[in-house]
Every structure is written in structure tokens, then in C-alpha cells.
Amino acid sequence: MSTGPSYDRVLVVSVFVVASCGLAYELIAGALASYLLGDSVLQFSTVIGCYLFAMGLGSHLSRYVPEHLVLSRFIEIELLVGLLGGASAALLFAVFGWASQPFRGVLYALVLALGVLVGMEIPLVMRIMNQRRAEFRELVARVLTFDYLGALAVALLFPLVFAPRLGMLRTALLFGMLNAGVALWTTWHFRAELATTADKVLRGTMVLGLLAGAFALSDRFTAWTEKGIFGDETLHAETTPYQRLVVTRWHDDLRLYINGNLQFSSRDEHRYHEALIHPALQALPWARTVLVLGGGDGLALREILRYSNIEHATLVDIDPAMTGLFARSAELVALNGGSLSNPRVTVVNADAGRWLENSQQVFDAIIVDLPDPSNYGLGKLYSVPAYRLMARHLAEKGYLVVQSTSPYYAPHAYWSVVQTLREADFHTWPYHAYVPSFGEWGFVLAGRRADFEPPKSYRLSMKFLDAASTALMFQFPPDMQAVPVQANRLNDQSLVRYFDQDWQRSIR
Amino acid sequence: MNTDWSRRRFLRTLCALPLLPGCERLARRDLPVSVLWAGMEAGHALRDGAPLPLPRETLETGVLILGSGVAGSACAWKLAREGRRDFILLAGPEAGGNAAAGEFGELRFPRGAHYLPLPSLESAHVRELLADMGVLQAGVGDLRPWYDEACVVHAPAERLLIDRRWQEDLLPHAPAGSDEARDQARFLQSMEQFKQAQGSDGRRAFAVPLALSSTDADLRGLDQLSFAAWLDRENFRAPGLRWYLDYACRDDYGAPAAGVSAWAGIAYFAGRAGQAADAQPGAVLTWPDGLNPLLRHMHEVGVGAAGGRWLAGHALRAVERGNRMEVLCADGQGGAFLVRARRVVCAMPLMVATRVLPDMAALGFDPARDLPQYAPWLVANFLLEGFPAEMPGAELAWDNVIYGGQGLGYVVSTHQQLRVARPPQTVFTAYVALSDQAPAAVRRRLLSLDAQQLLDEVLCDLRLAYTPIALWRHVRAVEITVRGHAMPIPLPGFLSNPGRLALRGADDRLLFAHGDLSCLSVFEEAAWWGYRAALKLLA
Ligand SMILES: Cc1cc2nc3c(=O)[nH]c(=O)nc-3n(C[C@H](O)[C@H](O)[C@H](O)COP(=O)(O)OP(=O)(O)OC[C@H]3O[C@@H](n4cnc5c(N)ncnc54)[C@H](O)[C@@H]3O)c2cc1C
């Protein structure tokens, strides 16, 4: 039986590494849970509690390992921990991305399994050293010192280096490789004492190779799992005081999500924005000023600025982070043609309601490109008083256009917007267009005079609109006919309820 | 991951632990708390028979209105609208009375009344006022007129915190088929019947104003027992429903169901029959500063350029001398003046009137028998920067009530703003009707409390709705209004009180106009008596 300082050193280094890995998996599980599920205090507490409990279980189970198999079991456990821990983040991401239901189940099962295995490590190491007749006092002190030192190292490095530099996925894989490394190293050092080493070396190499391969391919994997979560690779993600903004890219397709709802896809946004802008502006050749409410992506502005008769456009969007992002990011500026920095444009970051109340300006056209009325706050800007307020800012002969969710998927909500505009004394011309990433989408053109005619041609070149399709836009086929609904009054905000119920009914 | 956010959550959780009760005190140590004792000094001086000062000057007028609350202001408004200018509106110690308001910078808030149910057809006086203001926009005589939606309460109107979770609506949700659900449905149905009910005299059983209700003896029988006794008799026993009804009585009358007349309890539900073309039945009108804008409008018209005259000060003594009433008034700055008026409208609370008018008995009013009992209230306004983190469930509503709470919940002053996002600042107004002890005992106790102790009293509900850290990191200032005699309690028998009936009829040199005449503390009643007094003066 081999004794002596060199073996001790091996074991002590193992303890350090093993302890670091143990804590790393715990932190990864906790961080991922709070990142994906929210409520970090709850997630961290339950993950840590569960993990510690499982470690206790592991320590207990370690007594059933017969004395002559201790070393061999230790190596096997290291391999298992490496494999399981290394793959833990990937596993959790994948489960969450593709089926969020069993996520909690998988999370706690994983934490339990890892905890049990990690809990067995230190007792086994102690027994190995004990077999080498280390003095007990010395042994406990040394093992525990390095156990805690390893934990400290990771506790510091994880938030400062690993998580920000490598991300969860690669951090987990890295620690998995360390575990496998310990297994291989221990095998090599104690080869004399082990009955068989070949199989251990083989298995160790396989685990190491697997994890290293995954590490190399992790970029792909991240893209693949985030695709499950957000659709695609995220280019920008930010929680502002007003909303959560996520911009994703998949090949040449840029997408913007606000609070998880798709706002545009660069593949077909031209359909949405041409439909939003041109029927109104084509019919207002004399128009000189336009007001855009919302539309902080600058895409509606891009279309507006194509008209040389438009001398000035004012865009009011609540979120400076949104207009800032779309004015600065090269990819997004390429998409909106730098419209937000155009000298003909004034960008105001203000609550549209407040701005409308305080401003005296009158515009020839008003484009309302706000997120769907999914809550009471947004619903207020789709109400009779809000449209009355907008009417005060609209030239006598001008038009107002409202993006108004899908007349196909959310018919009650859509026709409620129409009804609301009517109650605010507007004449309305509802229309719709097919935008592949949204489905059939709805708009309402409104004016104080009953004089609008859908354009028979367009002065500017269009990718999507032409005379024939425009005529069809203003016709509603039998499956999209008007339904009897209430106007959206502030007292009950029926629109918010219609919107909720309609979208719940159709599969989103 | 937003680390700042998780740290905040962590701290919040820590402070929610019972380990750290001192946390809250620490957090609010430097908070400015101001306390207003509405009209108390003047009232106590009158009660204690302080010596009367000599007047420095004498004014002559046709009509002198004593008190600028809802009743006095309604009287002034109606007089001016009918072309009268020869009158004075004496503000009283608190301009606006129970419909007063305050402000933190740009943010206005109520110091009393905060909402007005949609007026029914009988409340023609209220409709006339709302139309005059432009709030009622069309159909003033229709069953369902059009209102300015800015003032109709916006969704979500109300929510209830029950089992640490917010639900929509104030009536506790109950599983279908449960006793609770059955009792609730039966109760609402019964109120619906009372709403439609007519007496043998052809009047509605429960009209607002009360003076237009049927005097049918059967219906008046409901005034002989307490609301709680009536509920027992009718076997409405479900605890959720009973809590809600208690809450409703405390909210409108300052006393629980056991302490108010069954007629009044039923009237709370059956009287509110107003509808709107552009709002749901049961909707109410409200403004950031409660009902104060109604008062401001009445003042603009009543004592504006084309109306009467506004005077600060309060009445000390009013006596009839020859063909005039002579009213000695304190000017609020240590001085006094005398007003000689052909007629006087006494629009102050009855308990003050008994001190100012030497001989109420001659009018048929015996103070010992006829003075109502007054419920003490606290109204606390919290200026908040940002909004505190919420418990799960329904989002912040206009009116937020806590099941089983000692107070009556809190309203959000910025709720009616037309905004997508929440404003940077807001005011929460918490209402507490102190009905756990006899009113006089409560008043004595209140007098012994300092600002911090009063703050403890008014925190009763907010403390249950928010963790201390969540709340105190947003609160920037607190104003507490103490109303020792906030509102008259409609005890059983209140409808037939002889003294108050006598004062309603007074139509000589001296007239009366105040909510106390109905003994129901609601805007419509107070406005009704002011409006009636004006009609008498105009006749
Ligand atoms: C906390 C609270 C909340 C309420 N909420 C609501 C509500 O939401 N909806 C609703 O409809 N009703 C509500 N009410 C009731 C409503 O406020 C009252 O019914 C109404 O304001 C009463 O008006 P008033 O003119 O009858 O009396 P007061 O408001 O009592 O006015 C009396 C006036 O007389 C003055 N005065 C006193 N002494 C003298 C004197 N010596 N000389 C001259 N003047 C004097 C006072 O300063 C005051 O201006 C509430 C009441 C309270 C207290």
C-alpha cells in the first residue's frame, strides 16, 4: 500500500478541485433557476437546501462502500459527477427551451443526484487517506481546509470570471472536465493499487472527450437552446424600466421582442410597415407633418421619410432605451435607414398620454404604432378619450392610422378598436394585411371626414403594396367579418379583456 | 440577471421577517409627518364657551351662508347660477369641510370624500351640477347619460387582499355552490329587488336623496332594527359577505353593520341606481383629489366674478335682531367682524350649530335628543416616489382593500391619469374609520397621540399590503387629517328623528343645509340640502 507525501498531495489537490466543482454545480443550478424562473431568493434557497440535503444523503451512503473498493468508487464517482455536472447547464437550458413544464422536476432531480454524488466524495477521500494511516487530526484538518478553500475560490470566481466570461453552459462543461481530470489523475497515481486501470482510463478519456467536444460546440448549442427560448440567438437583451427588449438574429432575420411578444421580423416587416404608412400618406399628398406614437424601432419612420413632402416627423416613444438602441446599433440602423437620427425627425421620450395632453401641435397624419393592448396601461391609449385627444392633434383633413392587432386571431379586440374610434367621432376604414411572421394583421385608418378612398396606385415604389392588393386589404372576407363588440371605455377596458380572451382562444 | 433587483428582493425578504420589527421605524425615522386637526381648535373654543370678541366692522348682505362644505357651496353655486349676487359664503375653519383636498407639489389628493356614485334620476341636483361642470356631457335627464370618461373610475377599479393574494372585486370570491356563494348571490338579488322597489306612495323605496324616498310604513320599519339584525333575520350569514357588508357600512357611515340602521345599510346598495351610457352599472366618478373638484367648481361659479362673496372666518354667535340675523364671526387672525343678513343658511355640522345658535330648542331641536353621534376618522396621504412591490394577484387598482383590515384600504390618486406607464410619483390615501370603541373614547385617545403614533394608526392596512422595506423606500412624506367628528352615524331610528326633521323644514330668517340633516354622510345628501336652501331663498 502506497503512503507518503506525494500521494497525500494528489488527494489534497483532488479535494480542492472536487470541492470547487461541487460548489460550481450548485451555483449554476441556482443561477439558472433564478434566471429562467425568476424570484432568485426562492430559487437559490431551494436549490442550496436541496443540494445540501442530498450531500448529507451522499455522506451517509458512502458508508456502504466496502473498504477495498473505496479508491475505485471514488474515481467512478468523479467521472459520473463530471458527466452529470458538466452537462447540467446544457440539460437545464434544453429542457426549459423545449418544454418548460417539467423544468422544475428536472432541476431538482439533477440537484439531488449531483448532491448525493458530491456528498460521497469527501468521506471517500478521507477514507482513502485514512487507509494510508494519516494521523486523524491532520487528515480532517487538511481535507476540510482544502474543501473550504476550493469552495471559496469558486464562490469568488464564479460571479466575477466564469459566469460573465464563459456563460453557464461552458462553465459547467469546464468544471465537468476538471472532475474527469481528477478521475484520470487519481487513476494514474494509484495505478499500482488498482486492480484494473485500463477501463478507468478509457471511460475517463471518453467523458473528457465528450465534455471537451461539447465545450467546442457550445456556441452552436447556446444558439440552439436560446432558439427554444427566444426563437433565435439574442443580439441584445435588456430590461428597461418600461419593458423587456430582446433583439434576436437568425441568419439574416433580425427580430424584436417586447415582453416576449414579437414586434417585427426583418424578413417581412416591410409588409407591416408599408401597410401601416402608405395607404394614409399616399392619400395625403399635401401632408407636411406626421406624429408617430410608439414605433421606437424607427421602421414606420423610415417609410414616412420616403415622402419628400413630409417636412417633419415627431416620434413619441416612452422608452429611451428602445429609441437609443435603434439609433445606435449598426445592424438596426441599417434596417431603419437611420431614421431616428434624420434631421427631419424629432424623437421625444415621453409617455404618449402625457405628451398628447401637454402638446399643442397639430399634425397632418398620426400613426399609432403601440404594442398591443395587453394590459390596462396600454389599453388606456386605445380608449375613447385617448382617440378624442388624438383628434385634437390631427388636422381637419388628416388621417389617423392605428395598428390594432389581428382581425383574424383577435376579432373582438380588433373590432373593438374600430368601435372605439367610431365612438370618438371618427370615420373609420378598417383594413388588414398578411404579414407571415404575425399572420393576418389589422389596421384602422380614421379621419374626421368621410372622404378616404383606398389608393389606386402609389407614387413611391413598394415591395408589397400594389393597387390590387390594396383593394383587397380594405375588404374583409367572410371569416374576418365584424363582430358586435363594445367600444373600449376606460371604466371597464373591455378591449383588454377581448384581447386576452381572443388570444387565449387562438394558438399563438 | 439584474443583480440590483435580486439584492433588493433579498433585503425585502429579510425585513419581512419578524426578527426585524425595528426596520420600519428605522426606515421612517426622518420622514416628514404633518397632522391636521380639521376644525378642531375653533370647534373646541365654541364648546368651551370662550369669551366672544368685539367686532371690528359690520357687513350687510342679503344671505349669509355659514360653512363652505358641500352643502354651503351647493347653495352658493345654485344662487349664483340663478343670478343672485347678494350673498356671502363664510368658509368656516376648514374650507371645503369633508370634501377638502391637499397637494404635494403637483399631486393633489383628497382629505375626505373621494368618490361619487353615478347619480340616479332622483339626484337631479347632482346631475345639474355635473352637467354644469361638463362632466355629464349629454343626456342630463336620461336614464343613462354620457360622462367624461376622465372622471369615471378607470379599470381596474378595486381589488381585495385576501390570504396574502389580491383578487379583483371587493366581495370575496367563493367557489360556486358554496354557502358563501349562495348567500352572496341571494344578497345581491335581494338588493336588486330593493333597487326596483316602490312604496305605496309611488316613490322609490331607497332614493338618493333620502328625502325623495318613499315614506311607506313597511319600508320605514327597516329603520327600527340594525343592519346586522336584519341580515341575521334574513339568514345572510356567510362570513365573506358579512365582512364585506361591515366594510361597506364602515366605509360610508363610519360604523359597522351592527351599529347602523338596516334602512341605511340597504340604501347603500339599493340607492345607487345611477347608470351611464359609457360606463358599467355601479361605476363611480372620481378625481385625483377626490370630490374636491366639484367643490372648486361650485366655488368658481358661486363666489367667482358673477357670484357672491367669499369670506374667510367662522361664526361664533348668530342671533336674530329685528328683521336681520346678526352673526358674529372670527376672522381667523384673532379679530372679529359682524355680518347683518336678511337670511342665514346654517351649513355647518349640527354639533357646531348648537354652539353658535343660542336657541335651537325654539326650532324644535333638542341637542341632547337630536344631535347625531359622530364617527371619528383618519385620512392619511402618503406621497410615494415609485411604486412599492406588490403581493401576487390582481394589479394595483384605484381602491385597494384588505380583507379583515382595520382600515378601509387606500386609493391611488394618479389612477385616473391617461398614461401607459406608471407616473414617477403618486399618492396613496388611506382611510380609517375608528369604530372599535365608542366615538367619545376614540376622540379622547386620538387627542393623546403624537404624529408618530397617529402614523401607526393609519398604517394598519398598508402594513398588511406591503412589507416595510417595500413601502418605506418609496414614501417621501405623510399628511394625516384627524376628523374627530367626521360623519353622523345613521343609528336605527335615524329617519324619524324629530329634531332633524324640524330643521329641514325651517324657512324663516334661518335655514339649515348640511349632510347632518339626512344623517347620511354622502355628497348627494349634503348637496341636496344646500340646493334646497337655495331654492327656498330664490322662491
Ligand atoms: C373621511 C371621509 C370620507 C368621505 N368619503 C365620501 C365619499 O367618498 N363619497 C361621498 O359621497 N361622501 C363621502 N364623505 C361624506 C362627504 O364628505 C360629506 O357628506 C360632505 O362633504 C358633507 O358636506 P357638508 O357641507 O354637509 O358638511 P361639512 O363637510 O361638514 O362642511 C361643513 C362646513 O362648515 C364649516 N364650519 C364648521 N364650523 C363652522 C362655524 N362655526 N362657522 C362657519 N362654518 C363652520 C366647516 O369648516 C365646513 O366648511 C366622506 C366623509 C369623510 C369624513
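Counting restarts for each chain: residues are numbered from 1 in the order of the written sequence. Key to labels: chains lettered from A, ligands numbered from 1, both in the order written. Two thresholds apply to this predicted model, a pLDDT of at least 70 for residue-level local features and 80 or more for giving and counting side-chain atom pairs, whereas whole-chain, interface and lining totals are computed over all residues. Only heavy atoms go into the side-chain values, all of them from the structure, while hydrogens and water stay out.

Right, let's talk about the overall build of chain B for a bit. Strands here mean DSSP runs of E at least two residues long; helices mean DSSP runs of H or I at least four residues long; both are numbered from the N terminus. Each helix and strand in chain B was counted, giving 19 helices and 21 strands. At 23 Å, chain B has a C-alpha radius of gyration in line with the 24 Å of a compact globule built from 539 residues. With the principal axes as the frame, chain B shows a C-alpha extent of 80 × 55 × 45 Å. Only protein chains enter the accessibility calculation, which uses a 1.4 Å probe; a residue is then buried when its area is under 20% of its type maximum, exposed when over 50%, and partly exposed in between. For chain B, with 539 residues in total, the buried portion stands at 58%. For chain B, the share of sequence-separated contacts (at least 6 apart) that also reach a separation of at least 24 residues comes to 74%. Carbon and sulfur atoms provide 52% of the accessible area of chain B, an area that totals close to 21,400 Å². Between the centroid of the 55 positive side chains of chain B and the centroid of its 59 negative side chains there is a distance of 3 Å. What the globule rule says is 2.2 Å times the number of residues to the power 0.38, and the radius of gyration is computed from C-alpha atoms. Contacts were defined at the residue level, with two residues in contact if any of their heavy atoms lie within 4.5 Å. With residues, only the protein chains shown are counted as cover, and all accessible areas are computed by Shrake-Rupley using a 1.4 Å probe. Counting rule applied: Lys, Arg positive; Asp, Glu negative; His and chain ends not counted. For this purpose, a charge sits on NZ of Lys, CZ of Arg, CG of Asp or CD of Glu.

With that settled, the discussion passes to the side chain of His125(B). All names here are of chain B. As for its placement among the helices and strands, His125 is situated in helix α5 (residues 124–133). Exposure remark for His125: the relative accessible area of 4% places this residue in the buried category. At 3.4 Å, the side chain of His125 forms a polar contact with the backbone nitrogen of Trp528. Aside from chain neighbours lying at most four places away, what touches His125 is Trp77, Pro209, Glu524, Ala527, Trp528 and Tyr531. Any pair of nitrogen or oxygen atoms within 3.5 Å is treated as a polar contact; in protein, a donor-acceptor pairing is required on top of that, and neighbouring residues in sequence qualify only through side-chain atoms on both sides.

Further remarks concern the site of the ligand. Residue and element names in this part refer to chain B. Around the ligand, 37 residues are found, and the nearest of them are Asn98, Tyr115, His514, Gly515 and Phe523. Here Asn98 contributes a backbone N or O atom positioned 2.8 Å from an oxygen atom of the ligand. Within the backbone of His114, one N or O atom sits 3.1 Å away from an oxygen atom of the ligand. When the ligand sits alone it has 1,000 Å² of accessible area, and the protein chains cover 95% of it. Put simply, the parts of the chain that give the shell around the ligand at least two residues each are α4 (70–81), β13 (314–321), β16 (374–385), β20 (475–488) and α19 (523–538). Split by residue class, the shell around the ligand holds 22 nonpolar, 12 polar and 3 charged. Here a residue is considered near a molecule or strand provided that any single heavy atom belonging to it is located within 4 Å of it. Note on residue categories: nonpolar means Ala, Val, Leu, Ile, Met, Phe, Trp, Tyr, Cys or Pro, charged means Asp, Glu, Lys or Arg, and polar means any other residue, Gly included.

With that out of the way, let us pick up the sheet that holds strand β1 (residues 33–37) of chain B. Strand pairing within a sheet occurs via backbone hydrogen bonds; the two strands may be parallel or antiparallel. All names here are of chain B. Only when DSSP finds a minimum of two bridges between them are two strands counted as paired. What the 8 strands build is an open sheet, ordered β1-β20-β16-β19-β18-β17-β9-β10; its pairing is mixed. Of all strands in the sheet, those with a lone pairing partner are β1 and β10 (165–168), marking the two edges. With strand direction ignored, the average angle separating the axes of adjacent strands in the sheet is 20 degrees. Think of each axis as a best-fit line through the C-alpha atoms, taken over the contacting stretch in the case of a helix, with angles from 0 to 180 degrees between the N-to-C directions. Relative to the sheet, helix α14 (residues 439–447) contacts β1, β16 and β20, its axis offset from that of β16 by approximately 40 degrees.

Once that is clear, we can look at the packing of aromatic side chains. Pairing of aromatic rings covers Phe, Tyr and Trp, the last through its six-membered ring, and needs centres within 6.5 Å; plane angles under 30 degrees mean stacked, over 60 mean edge-to-face, and all others mean tilted. Overall, the coordinates contain 40 aromatic pairs over all chains when judged by the stated rule. Judged by centre distance (6.2 Å) and plane angle (40 degrees), the ring pair of Trp355(A) and Phe363(A) falls under tilted. For the pair formed by Trp355(A) and Phe363(A), the shared burial category is buried. By definition here, charges over rings are those cases where NZ of Lys or CZ of Arg is within 6 Å of the ring centre and within 35 degrees of the ring normal. Cation over ring: Arg191(A) sits above Trp188(A), and NZ or CZ is 4.5 Å from the ring centre. Across from the ring centre of Phe387(B), 4.7 Å away, lies the NZ or CZ of Arg422(B), which sits over that ring.

With that settled, the discussion passes to the pattern of salt bridges. By convention in these notes, a salt bridge is any Lys or Arg side-chain nitrogen within 4 Å of a carboxyl oxygen on Asp or Glu. Applying the stated rule across the entire model yields 46 salt bridges over all chains. Put simply, Glu303(A) and Arg302(A) hold a salt bridge, and the shortest N to O gap is 3.1 Å. Taking relative accessible area as the criterion, Glu303(A) reaches 5% and is therefore assigned buried. Accessibility expressed as a relative area gives 17% for Arg302(A), which makes it buried. Ionic pairing is found between Lys78(B) and Glu128(B), a salt bridge with its closest N-O pair at 2.8 Å. Of this pair, Lys78(B) sits in helix α4 while Glu128(B) sits in helix α5, and the two are 50 residues apart along the sequence. When its relative accessible area of 6% is taken as the criterion, Lys78(B) is described as buried.

Here we take up helix α15 (residues 451–458) of chain B. All names here are of chain B. Looking at α15, one finds that the buried residues are Leu454, Leu455 and Val458. Across the axial projection of α15, the buried residues extend over an arc of 105 degrees, all falling on one side. Elements that come into contact with the buried residues of α15 comprise β1, β16, β19 (425–433), α14, α17 (468–472) and β20. The N-capping residue of α15, defined by a side-chain oxygen 3.1 Å from the backbone nitrogen of Gln452, is Asp450. Of all possible arcs, the one meant is that of the directions from the helix axis to the C-beta atoms.

Here we come to a nonpolar patch on the surface. Residues and elements named next belong to chain A. Grouping into patches uses exposed residues only, defined as over 30% relative accessible area, and leaves out salt-bridged ones; the cut-off is 9 Å for like charges and 5 Å for nonpolar side chains (Val, Leu, Ile, Met, Phe, Trp, Tyr). On the surface, Phe16, Leu149, Leu152, Leu156, Leu157, Leu160 and Val161 cluster together into a nonpolar patch covering about 600 Å² of accessible area. For the nonpolar patch, the element with the most residues is helix α5 (residues 136–189), which contributes 6 residues. Owing to a relative accessible area of 37%, Leu157 belongs among the partly exposed residues under this scheme.

This brings us to the sheet that holds strand β10 (residues 427–435) of chain A. All names here are of chain A. Taken in spatial order, the 7 strands line up as β7-β6-β5-β8-β9-β11-β10 in an open sheet, and their pairing is mixed. The open sheet has two edge strands with one neighbour each: β7 (345–348) and β10. Taken pair by pair, the neighbouring strands of this sheet meet at an average axis angle of 15 degrees, ignoring direction. Bridge analysis of strand β5 (residues 289–294) against strand β8 (residues 363–369) gives 5 bridges, and the strand direction is parallel. Among the inter-strand pairings, Gly294 is bridged to a residue of β8, identified as Asp369.

Take the domain arrangement of chain A next. Entries for chain A in the domain assignment read domain 1 (5–227), domain 2 (231–263) and domain 3 (267–506). Placing the centre of domain 1 of chain A and that of domain 3 of chain A at their C-alpha centroids yields a distance of 55 Å. In this document the domain limits rely on a domain assignment from an automatic tool or a database.

Side chains of Glu158(B), Glu168(B), Asp169(B) and Glu395(B) sit close together on the surface and give a patch of like negative charge. Classification of Asp169(B) as partly exposed rests on a relative accessible area of 41%.

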